[in-house]
Each structure stands twice: as C-alpha cells, then as structure tokens.
Amino acid sequence: MKISYRLYLTVAPAILGVLLIAGLFYWGQYAHVVPHAVLLVGVMAVLGSLILAGVNARILARRIEHLASRLPATNAGGQPDELDRIAHGVDRLSTDARSAAEERADQERALENRTREYAALLAGIADDTAKRLEEVRLPLHILLENHFGDLNENQEEMLGAARTAAEAVDADLVSLRQIGELDLGDQPLRRDRMKPSELIEALRPMLVAAAESVGAAIEVNVAPLLPAIMGDRARLQDALAVALGDAVRSSPSGSRVQLRVDLHGSELRIDMSGIGDLTPSVRLTLAARVVAAHGGTLAWRQRSVTIEIPMDARRPIDS
C-alpha cells in the first residue's frame with residue numbers, strides 16, 4: 001500500500017468522530033440531554049482536527065512521494081511503498097559512503113607508505129652521495145694543504161673553488177639526509193624549556209652581521225614576559241638561524257629589517273619584514289621541517305617571513 005493511502009487513512013477516526021458527534025447532536029436534541037453549546041464545540045473541534053489532519057497528511061504524502069521518486073526502484077519482494085524505496089536508498093548511500101571511506105583510508109595508507117619510501121630513498125641517496133663526495137674532498141684538501149710541486153695562483157683558486165663547492169654540496173646532502181630522517185621519524189626531538197628572548201638574543205649578533213654584510217639595518221623587538229616554549233633547543237635554534245639569516249641576507253642595500261617576537265593566541269610568532277625575495281633552498285626546507293616537527297609553521301612570502309611555534313608552557317617568565 002502506498003504511504004499516501006496510509007496517511008489518508010489516519011483521518012478516518014476524525015471522520016468517525018464527526019459522525020458520532022452528529023449522532024449525539026441528533027439524539028441529544030431529541031432527548032434534550034446534551035447542551036447545544038457542547039455539541040457545537042465538539043463538532044467544530046472534530047472538523048478542525050479533520051481539516052488539519054487532512055492537510056498535513058496531504059503535504060507529508062506529497063513530500064514523501066517526491067523524495068521516493070528521486071530514488072531508483074527497489075527489488076524487494078511484495079509491493080514496496082515509498083518508505084521502502086527511501087530505506088533502500090539510505091542503505092545504498094550508507095554502503096557507498098562506507099566503501100568510499102575505506103577506499104580513502106587505503107589511499108592514505110598507500111600515500112603514507114610511499115612518502116616513507118621516498119624519505120628512506122632520499123636519506124639513503126644523500127648518505128651514499130656524501131660518502132662518494134668525501135672521496136673528492138679528501139684529495140682536494142691534500143692538494144691544497146700539502147703542495148706536491150708548485151701550483152700557480154690560478155690552479156690554487158680553482159682547487160679552492162672546487163673544495164668550497166664540494167663542501168657546499170656536502171652541507172646540502174647532510175640537510176637532505178636530515179629531512180629524510182625527520183620524515184621517517186628517525187630523529188627524536190629533545191624537550192628543552194627555552195625562553196624566546198634567549199633564543200633571539202643568541203641569534204642577534206649573527207643577524208646584525210648579516211644585515212651589515214648587505215648594507216642593511218635590523219631592528220629587533222621582543223615582547224616582554226613571553227612564556228617559555230618546549231622543544232629541541234639546538235635544532236630549533238639552527239632552524240631559526242638559517243631562516244632568519246637567509247631572510248636578512250636577501251634584504252636590499254639600505255633597507256631596514258624589522259624582527260618582531262610576540263604572542264599570537266597560543267603560539268609564539270616570529271615575524272621578519274622588510275627583506276627581499278627568499279630563494280628556496282635545501283637548508284631552508286630543512287628549517288621548515290624542524291619547525292613543523294615542533295608543531296609550528298614557517299612561511300616565507302614576498303618581503304616577509306613568519307614563524308609560529310606552539311607554546312607548551314603558559315606561565316609568564318622574565319624575558
């Protein structure tokens with residue numbers, strides 16, 4: 001039976017009530033037992049109930065039929081009504097959603113495994129290449145430190161440039177290996193309690209020297225009474241030195257770099273503005289990975305760098 005027929009049947013008691021009230025009105029009038037006012041109120045109440053029930057049943061039946069019409073017919077036995085079609089559609093959607101969730105979970109696991117494979121491959125290649133590079137650096141070092149015969153000035157410059165390039169490549173390979181180890185979780189981080197002011201003060205001489213080397217000036221403003229942060233002091237300080245140092249060295253001559261350190265919500269924010277355009281590098285990527293390992297973010301934009309690190313300790317300390 002269609003659900004609309006079932007809904008229309010719900011008004012049958014109201015119709016029966018109308019008939020009963022009519023009977024009471026007739027026989028009550030005949031015997032002069034039931035007051036006219038009571039009968040009239042009863043008739044109005046039953047008629048109102050009948051109208052409301054009919055209108056609501058019609059609206060509900062139309063909406064259910066409209067919803068059922070948008071779903072495919074079910075193959076259930078008997079004579080399925082609209083609710084059966086809706087229930088079948090809900091079951092089918094639930095099954096599809098469950099299948100999609102399982103497929104998404106499988107894809108995420110595959111992506112995580114692939115990321116770990118790439119990280120392991122990256123760390124392995126960096127390690128092997130560094131070992132081979134050492135075979136190049138050692139002869140260069142011997143040639144430059146122990147003169148086996150006379151070398152002219154050009155030859156010494158070329159060997160010196162070769163050694164410098166080899167050392168730079170070795171530094172990048174070390175950074176690549178550390179990135180791979182961080183992605184693999186093979187580098188546990190210490191939990192040191194650090195004052196933000198101490199971190200910045202330790203970097204101040206390097207930042208001032210970097211600004212002077214490009215003809216710029218730097219102004220450092222650290223908010224007072226900043227809470228301590230928890231993290232690996234050595235790694236975090238190296239990451240800040242790379243990110244902020246590269247940012248300062250990118251500044252145009254005559255510029256004024258602004259470094260501000262304050263609390264932004266529940267995070268320590270280190271913001272540097274007035275710089276030039278940063279060139280992405282392996283060392284800068286490693287710095288971003290280290291900050292991310294502490295639950296923070298390192299973002300560089302046009303003429304600014306922003307570093308945010310979550311605060312684990314809330315108690316203010318002397319800055």
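Engineer: So what about the overall build of the protein? Which residues, and what values?
Structural biologist: Looking only at helices and strands, one finds eight helices and seven strands in the protein. Once local pairs closer than 6 in sequence are excluded, the contacts in the protein between residues at least 24 apart make up 72%. Here the protein displays about 19600 Å² of accessible surface, and carbon together with sulfur accounts for 58% of that area.

Engineer: Provide a residue-level description of the sheet that holds strand β2 (residues 217–222), including the pertinent values.
Structural biologist: Read across the open sheet, the five strands follow the order β2-β4-β5-β7-β6; overall the sheet is mixed. Looking at the sheet topology across the chains shown, the edges are occupied by β2 and β6 (297–301). Between one strand axis and the next, the sheet turns through 10 degrees on average, direction left out of account. In the sheet, β6 pairs with strand β7 (residues 304–310) via five bridges, with the strands oriented antiparallel. Directly across from Thr 297, in β7, lies its bridge partner Glu 308. The strands that helix α8 (residues 282–293) touches are β6 and β7; relative to β6, the one it contacts most, it runs at about 140 degrees.

Engineer: Can you tell me about the pairing of strand β5 (residues 267–273), naming the residues and giving the values?
Structural biologist: β5 sits mainly inside the fold: five of its seven residues count as buried. Here strand β4 (residues 256–264) pairs with β5 via seven bridges, running antiparallel. Along β5, the bridge assignment pairs Leu 259 with Met 272. Where β4 folds back onto β5 in an antiparallel hairpin, the turn is made up of two residues, including Gly 265, whose phi is positive at roughly 70 degrees. Looking at chain direction, β5 and β7 are connected through seven bridges and run antiparallel. Within β7, the position partnered with Glu 267 by the bridge is Pro 310.

Engineer: Run through the environment of Thr 285, naming residues and quoting values.
Structural biologist: Locating Thr 285 in the fold gives a position in helix α8. With 13 residues separating them along the chain, Thr 285 and Leu 298 place their C-alpha atoms 9.3 Å apart. Polar contacts involving the side chain of Thr 285 include one to the main-chain carbonyl oxygen of Ser 281, which spans 2.9 Å.

Engineer: Which residues make up the side chain of Ser 273, and what values do they have?
Structural biologist: Along the chain, the position of Ser 273 falls in strand β5. Apart from the residues within four sequence positions on either side, Ser 273 is in contact with Arg 256, Val 257, Gln 258, Arg 260, Arg 303 and Ser 304.

Engineer: So what's going on with helix α6 (residues 196–213)? Which residues, and what values?
Structural biologist: Taking 1.5 Å as the rise per residue, α6 with 18 residues should run 26 Å; its terminal C-alpha atoms sit 26 Å apart, in good agreement. Residues of α6 that are buried include every one of Pro 196, Ser 197, Leu 199, Ile 200, Leu 203, Leu 207, Ala 210 and Ala 211, and no others. Phi turns positive one or two residues past the end of α6, at Gly 215, with a value near 75 degrees.

Engineer: Explain the environment of Gly 265 to me, and be specific about the residues and the numbers.
Structural biologist: Inspection of the secondary structure puts Gly 265 in the loop between β4 and β5. Of the residues examined, Gly 265 reaches a relative accessible area of 66% and is grouped as exposed. Separated by 46 residues in sequence, Gly 265 and Met 311 have C-alpha atoms that sit 9.4 Å apart.

Engineer: Explain the packing of helix α7 (residues 233–249) against α8 to me, and be specific about the residues and the numbers.
Structural biologist: Closest axis-to-axis distance for the α7/α8 pair is 9 Å, and the angle between their directions is 135 degrees. The angle between α7 and α8 places the two elements in the oblique class. For α7 against α8, the interelement crossing comes out left-handed. Side by side, α7 and α8 meet where Arg 235, Leu 236, Ala 239, Val 242, Ala 243 and Asp 246 of the first sit next to Arg 283, Leu 284, Ala 287, Val 290 and Val 291 of the second. Each residue belonging to the contact of α7 with α8 can be placed in one class, and the counts come to eight nonpolar, no polar and three charged.

Engineer: Residue-level account of α7, with values.
Structural biologist: The end-to-end C-alpha distance of α7, which contains 17 residues, comes to 23 Å, matching closely the 24 Å that a straight helix rising 1.5 Å per residue would cover. Within the sequence span of α7, burial applies to Leu 236, Ala 239, Leu 240, Ala 241, Val 242, Ala 243, Leu 244, Gly 245, Asp 246, Ala 247 and Val 248.

Engineer: Residue-level account of the layout of surface pockets, with values.
Structural biologist: Here the largest pocket defines a volume of roughly 170 Å³. Taken together, Gln 178, Arg 235, Asp 238, Ala 239, Val 242, Arg 283, Leu 286, Ala 287 and Val 290 make up the full set of residues lining the largest pocket. Going through the elements one at a time, α7 and α8 are the ones with two or more residues in the lining of the largest pocket. Residues belonging to the lining of the largest pocket are distributed by class as follows: five nonpolar, one polar and three charged.

Engineer: Account for the packing of α6 against α7, naming residues and giving values.
Structural biologist: α7 packs onto α6 with a crossing angle of 30 degrees between their chain directions and a minimal axis gap of 10 Å. By the criterion of interaxial angle, the relationship of α6 to α7 is roughly parallel. Viewed along their axes, α6 and α7 form a crossing whose handedness is right-handed. Residue-level contacts link Glu 198, Leu 199, Ala 202, Leu 203, Met 206, Leu 207, Ala 210 and Ala 211 of α6 to Arg 233, Leu 236, Gln 237, Leu 240, Ala 241, Leu 244, Gly 245, Val 248 and Arg 249 of α7.

Conventions we followed
- Residues numbered from 1 in each chain as written.
- Predicted model: local features only at pLDDT ≥ 70, side-chain atom pairs only at ≥ 80, totals over all residues.
- Heavy atoms only, no water.
- Helix = DSSP H or I, 4+ residues; strand = E, 2+ residues; numbered from the N terminus.
- Contact = heavy atoms within 4.5 Å.
- Areas by Shrake-Rupley, 256 points an atom, 1.4 Å probe, with all protein chains shown as cover.
- Pairing = 2+ DSSP bridges.
- Axes fitted to C-alpha atoms, helices over the stretch in contact; angles between N-to-C directions.
- Buried < 20%, exposed > 50% of the residue type's maximum accessible area, 1.4 Å probe, protein only.
- Polar contact = N/O pair within 3.5 Å; in protein donor to acceptor, adjacent residues only side chain to side chain.
- Expected span 1.5 Å × (residues − 1).
- Parallel < 35°, antiparallel > 145°, perpendicular 65-115°, else oblique.
- Left-handed = near helix turned anticlockwise from the far one by under 90°.
- Nonpolar A, V, L, I, M, F, W, Y, C, P; charged D, E, K, R; others polar.
- 1 Å grid on protein atoms, 1.4 Å probe; cavity = no way out; pocket = protein on both sides within 12 Å on 5 of 7 lines; lining within 4 Å.
- Points joined across faces, edges and corners; volume = space filled by probe spheres on them.

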